[in-house]
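These are the residues of each chain, in order.
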Amino acid sequence: MTEAEAKEKYPEARVERFPTKVIIGRYDEILGAHIIGPDATNLISEYSVAMRSELTADEIIETIHPHPTLSEGLREATLAAEGRPIHIPPKQKLARTR
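S.K.: Can you help me understand the overall build of the chain in this one?
M.R.: Helix and strand counts for the chain come out as four helices and three strands. For the chain, the sequential pattern of α-helices and β-strands runs α-β-β-β-α-α-α. Taken over C-alpha atoms, the radius of gyration comes to 12 Å for the chain, in line with the 13 Å a tight globule of 98 residues would show. When its C-alpha atoms are laid out on the principal axes, the chain stretches across 30 × 25 × 20 Å.

S.K.: Teacher, can you tell me more about the nonpolar core here?
M.R.: A general tendency of soluble globular proteins is for nonpolar side chains to be buried together. By size, the foremost hydrophobic cluster in this structure holds 14 residues, and its most contacted members are Val22, Ile24, Ile30, Ile35, Tyr47 and Leu74. Every element with two or more residues in this core is listed here: strand E2 (20–24), strand E3 (30–34), helix H2 (40–52), helix H3 (57–61) and helix H4 (72–81). With residues up to four places along the chain from it excluded, the contact list for Ile30 reads Val22, Ile23, Ile24, Tyr47, Ala50, Met51, Leu55, Ala57 and Ile60.

S.K.: Got a minute to help me understand the environment of Thr56 in this structure?
M.R.: With respect to the helices and strands, Thr56 occurs in the loop between H2 and H3. For Thr56, a relative accessible area of 24% gives the class partly exposed. Sequence separation between Thr56 and Ile24 is 32 residues, and the spatial gap between their C-alpha atoms is 8.5 Å. Excluding anything up to four places from it in sequence, Thr56 contacts Tyr27 and Asp28.

S.K.: Before we go on, may I ask you to explain the confidence of the model for the chain in this structure?
M.R.: Low pLDDT marks stretches whose predicted atomic positions should not be read closely. Confidence along the chain averages 88 in pLDDT terms, with 93% of residues attaining 70 or more. Averaged over each element, pLDDT in the chain is lowest for strand E1 (residues 14–18) (80) and highest for H3 (96).

S.K.: What is the right way to read the sheet that holds E3 from this model?
M.R.: Strand pairing in a sheet relies on backbone hydrogen bonds. The paired strands run either parallel or antiparallel. If you walk across this open sheet you meet the three strands as E1-E2-E3, and the pairing is antiparallel. Each end of this open sheet is capped by a strand with a single partner; those strands are E1 and E3. If you compare each strand with its neighbour and ignore which way they point, the axes differ by 15° on average. Here E1 pairs with E2 via five bridges, running antiparallel. Bridging from a neighbouring strand, Phe18 pairs with Thr20 of E2. Relative to the sheet, H2 contacts E2 and E3, its axis offset from that of E3 by approximately 165°. Contacting E1 and E2, H4 runs over the sheet at an angle of about 45° to E2.

S.K.: Sorry if this is basic, but what is going on with H2 here?
M.R.: Helix length check: H2 (13 residues) gives 18 Å between terminal C-alpha atoms against 18 Å at 1.5 Å per residue, within 8%. Among the residues making up H2, those that are buried are Ala40, Leu43, Tyr47 and Ala50. Where H2 is buried, its residues touch E2, E3, H3 and H4. Two residues or fewer past H2, Glu54 is found with a positive phi of approximately 55°.

About the criteria used
Residues numbered from 1 in each chain as written. Predicted model: local features only at pLDDT ≥ 70, side-chain atom pairs only at ≥ 80, totals over all residues. Heavy atoms only, no water. Helix = DSSP H or I, 4+ residues; strand = E, 2+ residues; numbered from the N terminus. Rg over C-alpha atoms; globule rule 2.2 N^0.38 Å. Core = buried A, V, L, I, M, F, W, Y, C linked by side-chain atoms within 4.5 Å. Buried < 20%, exposed > 50% of the residue type's maximum accessible area, 1.4 Å probe, protein only. Contact = heavy atoms within 4.5 Å. pLDDT = per-residue confidence, 0-100. Pairing = 2+ DSSP bridges. Axes fitted to C-alpha atoms, helices over the stretch in contact; angles between N-to-C directions. Expected span 1.5 Å × (residues − 1).

As structure tokens, this is what we get:
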């Protein structure tokens, strides 16, 4: 699902980049992702499995992503979408209750 499709279908969808773009729905499900750069074809499989398995953003975050690796960018993008990035400043405050 693209960002535009997600925003149209799910107005509450959150989008963040690091340099991966991840789109997360109201119930923390992964709606879509865009990945460019080195090993993009290998990295996209993590989000593909997450979407097929209906994993939540927290489940992606709690999965081990070794440092330093390209795959940790997927976790960082998900953290940023949740408003709690580690390696970049947060762009927005989320008005959500957990």
